[in-house]
Amino acid sequence: QQQVKQSPQSLIVQKGGISIINCAYENTAFDYFPWYQQFPGKGPALLIAIRPDVSEKKEGRFTISFNKSAKQFSLHIMDSQPGDSATYFCAASPSTGGGADGLTFGKGTHLIIQP
Amino acid sequence: GAGVSQSPRYKVAKRGQDVALRCDPISGHVSLFWYQQALGQGPEFLTYFQNEAQLDKSGLPSDRFFAERPEGSVSTLKIQRTQQEDSAVYLCASSLEGGGNTEAFFGQGTRLTVV
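Residues numbered from 1 in each chain as written. Chains lettered and ligands numbered in written order. Predicted model: local features only at pLDDT ≥ 70, side-chain atom pairs only at ≥ 80, totals over all residues. Heavy atoms only, no water.

Participant: Help me out: how do you make sense of the sheet that holds strand 8 (residues 75-79) of chain B in this one?
Facilitator: Each strand in a sheet pairs with its neighbour through backbone hydrogen bonds, running either in the same direction (parallel) or in the opposite one (antiparallel). All names here are of chain B. Across the sheet, which stays open at both edges, the four strands sit in the order 1-3-8-7 with antiparallel pairing between neighbours. With one partner strand each, in any of the chains shown, strand 1 (5-7) and strand 7 (65-68) form the two edges of the open sheet. With direction set aside, neighbouring strand axes in the sheet form an average angle of 15 degrees. Pairing between strand 3 (residues 19-24) and strand 8: five bridges, direction antiparallel. Each residue of the ladder has a partner; that of A20, found in strand 8, is K78. (Pairing = 2+ DSSP bridges. Helix = DSSP H or I, 4+ residues; strand = E, 2+ residues; numbered from the N terminus. Axes fitted to C-alpha atoms, helices over the stretch in contact; angles between N-to-C directions.)

Right, here's the structure in full:
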C-alpha cells in the first residue's frame, strides 16, 4: 500500500516558469511533510518542510501548500531555473513520541527546466 | 566531517557473498536511519537507531539484513548471502533529535550491484 502518492512522474517547464508537484497521503497520523531534492549520484537534500498547523510555507522560490482536509500537499518552484533540474521527492512522517518512524517517500518527480 | 559519510560508494558483489556498508553520521546526531532506493524509485525505510538502540527494524526485507550501531555513532548495514534483488542504493541519514519528524541529512549512498 503506497502511503504517499506523488505526481507527475516527470515534468518539463520553461525557464522562468512555475513548477508544481503534488502529493497525497493516506495516513492521518502523518504530521511532518518535507520535500527533498536529489541530483544524480547524490543523496536527497532537504528543500523545505511543513507541519499541519500551517497551510503554506515559503522559503525563497520554494513554497509548500498544505491542505489537511484533503490530505494533500504540493511544492511550487517559482521562476524555475535550469539548476533546479533534479528529482524531487515528497515525504511524510508521523509523530513519534519517542517511537521510531522513518520517512515515507513518494516515487519522485523528474523535473527538467528548459533554458 | 561536515556531512553524513558512507563507504564504499560502490560495491559489486557476487550472488551469495556477504557485504558490509558503513555509515558515519554527523557528529552528535542522535537518530540514524537506513533506506534502500531502487532505481527510479523513492527511498524506502529499512531501520532506525536512536543512539545505540535499534528501535525499529520493520523495513528490513529479510533476515539476511542486519544493522548495528554499537557505540551510538558509526553504523554498519550487513547483507548476508546477497541476491540480485538486493541491488540498489543504500542511503544513510542522521538527525540531531530523536524520531523521524525532524530534519534528516542524507549521505551520498552506497550503490550495491549483485551479479
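Participant: Looking at this model, I keep getting lost on the sheet that holds strand 8 (residues 72-77) of chain A. Mind explaining?
Facilitator: Residue and element names in this part refer to chain A. Read from one edge of the open sheet, five strands run 1-3-8-7-6, paired in antiparallel fashion. Across the chains shown, the open sheet's two edge strands, defined by having one partner strand only, are strand 1 (4-7) and strand 6 (56-59). Neighbour to neighbour, the strand axes of the sheet diverge by 15 degrees on average, direction disregarded. Of the strand pairs in this sheet, strand 6 and strand 7 (residues 62-67) are connected by four bridges, and their pairing is antiparallel. Residue pairing across strands places E56 opposite S65, the latter belonging to strand 7.

Participant: Hey, could you run me through the interface of chain B and chain A in this one?
Facilitator: Size of an interface: often given as the accessible area lost when the parts come together. Facing 22 residues of chain B, the contacting portion of chain A comprises 24 residues. Summing the contributions of chain B and of chain A, the shared interface buries around 1,700 Å²; its carbon and sulfur component is 50%. Classifying every residue of the side of chain B that touches chain A by side-chain character gives nine nonpolar, 10 polar and three charged. (Contact = heavy atoms within 4.5 Å. Buried area = accessible area lost by both parts, 1.4 Å probe. Nonpolar A, V, L, I, M, F, W, Y, C, P; charged D, E, K, R; others polar.)

Participant: Explain the state of the cysteines here, please?
Facilitator: What is meant by a disulfide is a covalent connection between two cysteines, made through their sulfur atoms. Applying the stated criterion across every chain, the model contains two disulfides over all chains. Note that A:C23 is cross-linked by a disulfide to A:C90, the S-S spacing being 1.8 Å. In this structure the cystine formed by A:C23 and A:C90 twists about its S-S bond by roughly -90 degrees; its chirality is therefore left-handed. Note that A:C23 is positioned in strand 3 (residues 19-25) and A:C90 in strand 9 (residues 86-94), a separation of 67 residues in sequence. Here B:C23 is linked by a disulfide to B:C92, with a sulfur-sulfur distance of 1.9 Å. Residues B:C23 and B:C92 are joined by a disulfide whose S-S torsion is about -65 degrees; by sign, that bridge is left-handed. One end of the pair, B:C23, is in strand 3; the other, B:C92, is in strand 9 (residues 88-95), and 69 residues separate them in sequence. (Disulfide = S-S within 2.5 Å.)

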